[in-house]
Amino acid sequence: MTKPVLIINGPNLNQLGAREPEIYGEQTLDEIDKLCQKIGLELGLTTDFRQSNNEGEIVDWVQESILQHSSIIINGGAYSHTSIAILDALRNITIPIIEVHLSNIYQRESYRQVSYISKAANGVICGFGSDSYELALRAAYKLL
Ligand code: DQA
């Protein structure tokens, strides 16, 4: 049986639904988790969906994924644009990594247009709202 896909959500993504809905949409993170479970079921993949506001905790999860997961989907939130620590952790694993963002970061402020996570990711999906997660799961399936 394939190991679960680890889906990591970074800071402030626990506020989805209430947080700038005109940018991030109205769905809550819990609803996105359920969407991922449903798509996973279709594809024959299990998902391990997590959120943290703490950079070090995300680094720990990436390190642990080496043994426990088949691939990583990561929305690093603002850490995408700042965290060399998360990049270093991602560079040290060999399973597929897909970066996602709800918004199209390339249409936004210049400080959001650079992502450290992209340097370690197999690919990036952004700008499709919660559908970015569905597309990322389908990409993970193809890479496995
Ligand atoms: C985000 C984009 C980031 O710039 C922002 O800090 C987030 C969400 C997105 O999903 O569009 O927290 O990662």
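Details of the structure are given in the entry above.
So, a few notes on the structure that sits alongside this text. (Residues numbered from 1 in each chain as written. Predicted model: local features only at pLDDT ≥ 70, side-chain atom pairs only at ≥ 80, totals over all residues. Heavy atoms only, no water.)

### Notes on the sheet that holds strand E2 (residues 47–51)
Going by this rule: Two strands make a pair as long as DSSP finds a minimum of two bridges between them. Only runs of H or I of at least four residues qualify as helices and only runs of E of at least two qualify as strands under DSSP, and these elements are numbered from the N terminus. Fitting a line to C-alpha atoms yields each axis, with helices limited to the stretch in contact; the angle taken between N-to-C directions then spans 0 to 180 degrees. We call two residues in contact when some of their heavy atoms are within 4.5 Å.
The parallel open sheet is built from five strands, whose spatial order is E2-E1-E3-E4-E5. The open sheet has two free edges, formed respectively by E2 and strand E5 (123–126), since each of these has just one partner strand. Within this sheet the neighbouring strands show an average axis-to-axis angle of 20°, counted without direction. Here five bridges tie strand E1 (residues 5–9) to strand E3 (residues 71–75), and the two strands are oriented parallel to one another. The residue bridging Ile 7 from the neighbouring strand is Ile 73, located in E3. Along the sheet face, helix H5 (residues 131–143) touches E1, E2, E3, strand E4 (97–101) and E5 and points at about 170° away from the line of E4.

### Focus on the pattern of salt bridges
Let me state the cut-off plainly: By definition here, a salt bridge exists when the distance from a side-chain nitrogen of Lys or Arg to a carboxyl oxygen of Asp or Glu is within 4 Å. Throughout this description, buried means an accessible area under 20% of the type-specific maximum (1.4 Å probe, protein chains only), exposed means over 50%, and partly exposed covers the range between.
In the structure shown here, the tally under the stated rule is six salt bridges. Residue Arg 50 is joined to Asp 48 by a salt bridge in which the shortest nitrogen-to-oxygen separation is 2.8 Å. Here Glu 109 ties to Arg 108 by a salt bridge, and the two come within 3.8 Å at their closest N and O atoms. Taking relative accessible area as the criterion, Glu 109 reaches 31% and is therefore assigned partly exposed. A single network of salt bridges, built from pairs that share partners, joins Glu 42, Glu 134 and Arg 138.

### Some details on H5
Quick note on the threshold: How far a helix is expected to stretch is found by multiplying one less than its residue total by 1.5 Å.
Taking 1.5 Å as the rise per residue, H5 with 13 residues should run 18 Å; its terminal C-alpha atoms sit 18 Å apart, in good agreement. Among all positions of H5, only Ser 132, Tyr 133, Glu 134, Ala 136, Leu 137 and Ala 140 are buried. Where the residues of H5 are buried, they touch E1, helix H2 (29–43), E2, E3, E4 and E5.

### Quick word on the side chain of Arg 108
Basically, it comes down to this: In protein, a polar contact requires one atom able to donate a hydrogen and another able to accept it; more generally it is a pair of N or O atoms within 3.5 Å, and residues adjacent in sequence count only if both atoms are side-chain atoms.
By the element assignment, Arg 108 lies in the loop between E4 and E5. Look at Arg 108 and you get buried, because its relative accessible area is 16%. Of the polar contacts made by the side chain of Arg 108, one reaches the side chain of Tyr 24; its length is 3.0 Å. A polar contact is formed between the side chain of Arg 108 and the side chain of Ser 103, at a distance of 3.0 Å. Setting aside anything within four residues of it in sequence, one finds Arg 108 in contact with Ile 23, Tyr 24, Ser 103 and Gln 113.

### Here we look at the site of the ligand
To be explicit about the condition: Throughout this document, a residue counts as near a molecule or strand when at least one of its heavy atoms sits within 4 Å of that molecule or strand. The Shrake-Rupley method, run with a 1.4 Å probe sphere, supplies the accessible areas, and residue values consider only the shown protein chains as cover. Here the nonpolar group is Ala, Val, Leu, Ile, Met, Phe, Trp, Tyr, Cys and Pro; Asp, Glu, Lys and Arg are the charged ones; every other residue, Gly included, is treated as polar.
Taken together, Arg 19, Tyr 24, Asn 75, Gly 77, Ala 78, His 81, His 101, Leu 102, Ser 103, Ile 105, Arg 108 and Arg 112 make up all the residues around the ligand. Separating an oxygen atom of the ligand from a side-chain N or O atom of His 101 is a distance of 2.8 Å. Arg 112 is positioned with one of its side-chain polar atoms (N or O) 2.9 Å from an oxygen atom of the ligand. Burial of the ligand by the surrounding chains reaches 99%, relative to a free accessible area of 320 Å². Residues belonging to the shell around the ligand are distributed by class as follows: four nonpolar, five polar and three charged.

### Notes on the nonpolar core
Selection rule: Nonpolar cores are built from buried Ala, Val, Leu, Ile, Met, Phe, Trp, Tyr and Cys residues. Side-chain atoms within 4.5 Å join them into one set.
Counting residues in hydrophobic clusters, the biggest one holds 22 residues, and the most contacted among them are Ile 73, Tyr 133 and Leu 137. Setting aside residues up to four positions removed in sequence, Ile 73 forms contacts with Val 5, Leu 6, Ile 7, Ile 8, Ile 98, Val 100, Ala 136, Leu 137 and Ala 140. Counting 19 residues, the second largest nonpolar core, distinct from the first, contains Leu 6, Val 62, Ile 72 and Ile 86.

### A closer look at the environment of Asp 30
Along the chain, the position of Asp 30 falls in helix H2. Residues Asp 30 and Asn 14, 16 residues apart in the sequence, show an inter-C-alpha distance of 8.5 Å.

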